[in-house]
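# Tertiary structure, described
Each chain, written out:
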Amino acid sequence: MKRKTFREYLTECRFEDIWAAIAENFSEPDEIKPVYVEYYSKLLSLPSRRCKGVIELSSRPTIQPEGMNAAPDWLIDKNVKTSETDSAYVSAVLLYWASLLTFITSKEHDDDLNHYLDIIESDDCQALGQYLMESVESDPLGSVKRESVDRKERLFWEETFAHSSPGDWRGILYVLKRKLEYDMGFMRGFADHAGREQDADRMQLCCRLIDGATAHIYPDERARRMLNLLFRILEQEVTNWSD
């Protein structure tokens with residue numbers, strides 16, 4: 001059966017059905033509903049983009065699906081792998097975890113950054129003052145958004161450490177992988193430097209090396225080579241993975 005994309009799941013569902021699934025599975029309060037309404041609309045209006053990879057849902061909604069480590073602009077046209085037949089439930093899980101870091105899109109971030117840089121380049125003090133005033137204006141739903149993101153971050157890390165057994169050497173690498181995936185979500189869409197895509201690709205490579213090296217508790221020669229390459233990449237590149 002042909003897999004549907006993130007966008008196709010959102011398109012075929014009424015928002016009210018998606019919201020009911022979000023409230024049921026994640027206990028998001030009614031105060032945040034207008035934020036999700038706006039976010040849902042923004043994602044549907046994103047331009048089409050060729051997206052590599054697949055989003056794979058877990059058996060539990062509280063675990064972030066594999067392949068969602070990017071801004072929503074890079075996720076919206078990804079195929080979704082799931083055995084779940086309830087489209088509203090799938091849409092709820094995707095919409096919830098797509099907003100792990102923020103409720104804005106990469107396009108919004110880049111448009112705002114380019115607007116700021118245009119003002120700086122024009123040396124227009126009045127325009128700069130207006131921009132700064134608008135940027136510090138209070139968002140009436142700002143605290144509600146922050147609390148939602150905080151809840152997702154706690155859930156993300158609770159699930160991460162729950163899978164890190166102290167008796168298994170692979171646990172620390174699993175935590176490292178999750179840290180890389182979390183940072184990749186920021187890097188692929190919200191970082192401000194020109195090489196953000198290349199940095200995200202290197203992080204993705206590290207995650208794949210961790211998966212290969214930790215497939216078995218007793219590493220063979222191939223796994224040891226993967227570990228060696230992983231640490232070489234981290235040593236050479238990690239200092240450049242920030243703004």
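Owing to the predicted nature of the structure, the values given are computational and were not obtained by experimental measurement. (Residues numbered from 1 in each chain as written. Predicted model: local features only at pLDDT ≥ 70, side-chain atom pairs only at ≥ 80, totals over all residues. Heavy atoms only, no water.)

### What to know about the packing of aromatic side chains
Defined as follows: The rule is short: rings of Phe, Tyr and Trp, with Trp giving its six-membered ring, pair when the centres are within 6.5 Å, and they are stacked under 30 degrees, edge-to-face over 60, tilted in between. Burial status follows relative accessibility: with a 1.4 Å probe on protein chains alone, a residue under 20% of its type maximum counts as buried, one over 50% as exposed, and anything between as partly exposed. We count a stretch as a helix when DSSP gives it H or I for four or more residues in a row; a strand needs E for two or more, and each element gets its number in order from the N terminus. In this analysis the charged atom, NZ for Lys or CZ for Arg, is taken to sit over a ring once it is within 6 Å of the ring centre and within 35 degrees of the ring normal.
Counting across every chain of the model gives eleven aromatic pairs. Summarising the aromatic geometry, the rings of F156 and W157 are spaced 4.9 Å apart at their centres and angled 85° between planes, so their arrangement reads as edge-to-face. Judged by relative accessible area, W157 falls into the partly exposed class, the value being 23%. For the pair F156 and Y182, a centre-to-centre distance of 5.5 Å together with 50° between the ring planes defines the contact as tilted. Here Y182 lies in helix α8 (residues 170-187) and F156 lies in helix α7 (residues 142-162), a separation of 26 residues in the sequence. Connected via pairs of aromatic rings, a cluster forms that spans W19, Y36, Y39 and F103. The ring of W74 has R49 lying over it, and the distance from NZ or CZ to the ring centre is 4.0 Å. Positioned over the ring face of Y96 is K152, at 4.9 Å from the centre of the ring.

### A word on a nonpolar patch on the surface
Threshold: A patch consists of residues whose relative accessible area exceeds 30% and which take part in no salt bridge; residues with like charges are grouped when within 9 Å of each other, and nonpolar side chains (Val, Leu, Ile, Met, Phe, Trp, Tyr) when within 5 Å. Computed by Shrake-Rupley with a 1.4 Å probe, the accessible areas treat only the displayed protein chains as cover when residues are assessed. Salt bridges, as used here, are contacts in which a Lys or Arg side-chain nitrogen is within 4 Å of a carboxyl oxygen on Asp or Glu.
On the surface, Y116, L117 and I120 cluster together to form a nonpolar patch covering roughly 250 Å² of accessible area. On the secondary structure map, I120 appears in helix α5 (residues 106-122).

### Re the state of the cysteines
Heads up, the condition is: When the sulfur atoms of two cysteines come within 2.5 Å, that pair is taken as a disulfide.
The full count for this structure, using the stated rule, is zero disulfides. Cysteine C51 shares no disulfide, and the gap to the nearest cysteine sulfur, in C207, comes to 18 Å. With relative accessibility at 16%, the residue C51 sits in the buried group. Sulfur of C207: no disulfide; nearest cysteine sulfur belongs to C206 and is 7.0 Å away.

### Notes on the packing of helix α3 (residues 33-44) against helix α4 (residues 87-98)
To keep it simple, the criterion reads: Note on definitions: angles span 0 to 180 degrees between N-to-C directions of axes, and those axes are lines fitted to C-alpha atoms, for helices only across the stretch in contact. Oblique is the label for every angle not falling under 35 degrees (roughly parallel), over 145 degrees (roughly antiparallel), or within 65 to 115 degrees (roughly perpendicular). The contact criterion used is simple: two residues touch if any of their non-hydrogen atoms lie within 4.5 Å. Nonpolar residues are Ala, Val, Leu, Ile, Met, Phe, Trp, Tyr, Cys and Pro. Charged residues are Asp, Glu, Lys and Arg, and all others, Gly as well, are polar.
As a packed pair, α3 and α4 sit with axes 11 Å apart at the nearest point and diverge in direction by 95°. As far as their axial angle goes, α4 and α3 are roughly perpendicular. Each of Y36, Y39, Y40 and L43 in α3 lies in contact with α4, whose residues at this interface are L95, Y96 and A98. In the contact of α3 with α4, the residues fall into seven nonpolar, no polar and no charged.

### Topic: α7
The cut-off we apply is this: Expected span of a helix, by definition, is 1.5 Å for each gap between consecutive residues, and there is one gap fewer than residues. The arc refers to the directions leading from the helix axis to the C-beta atoms.
Between its first and last C-alpha atoms α7 spans 30 Å; for 21 residues at 1.5 Å apiece the expected length is 30 Å, and the two agree. Regarding α7, the residues found buried are V144, S148, V149, K152, L155, F156, E159 and T160. Take α7 and look down its axis: the buried residues cluster within an arc of 150°, on one side only. Opposite the buried face of α7, by more than 90 degrees, sit the exposed residues E158, F161 and A162. Those residues of α7 that are buried lie in contact with α3, α4 and α8.

### Topic: the packing of helix α2 (residues 15-26) against α3
The condition that has to hold: By the definition used in this description, the sense in which the near helix is turned from the far one sets the handedness, with an anticlockwise turn below a right angle giving left-handed and a clockwise turn giving right-handed.
Axis separation between α2 and α3 bottoms out at 11 Å; the angle between their running directions is 130°. By the angle between their axes, α2 is oblique relative to α3. Of the two possible hands of crossing, α2 and α3 adopt the one that is right-handed. Each of F15, E16, I18, W19 and I22 in α2 lies in contact with α3, whose residues at this interface are K33, Y36, V37 and Y40. Of the residues contributing to the contact of α2 with α3, the split by class is seven nonpolar, no polar and two charged.

### Observations concerning the environment of A21
By the secondary structure assignment, A21 is in helix α2. For A21, a relative accessible area of 9% translates into the label buried. On a C-alpha basis, the gap between A21 and Y174 in space is 29 Å, while along the polypeptide they are 153 residues apart. Apart from residues no more than four positions distant in its own chain, A21 is found in contact with A88, Y89 and A92.

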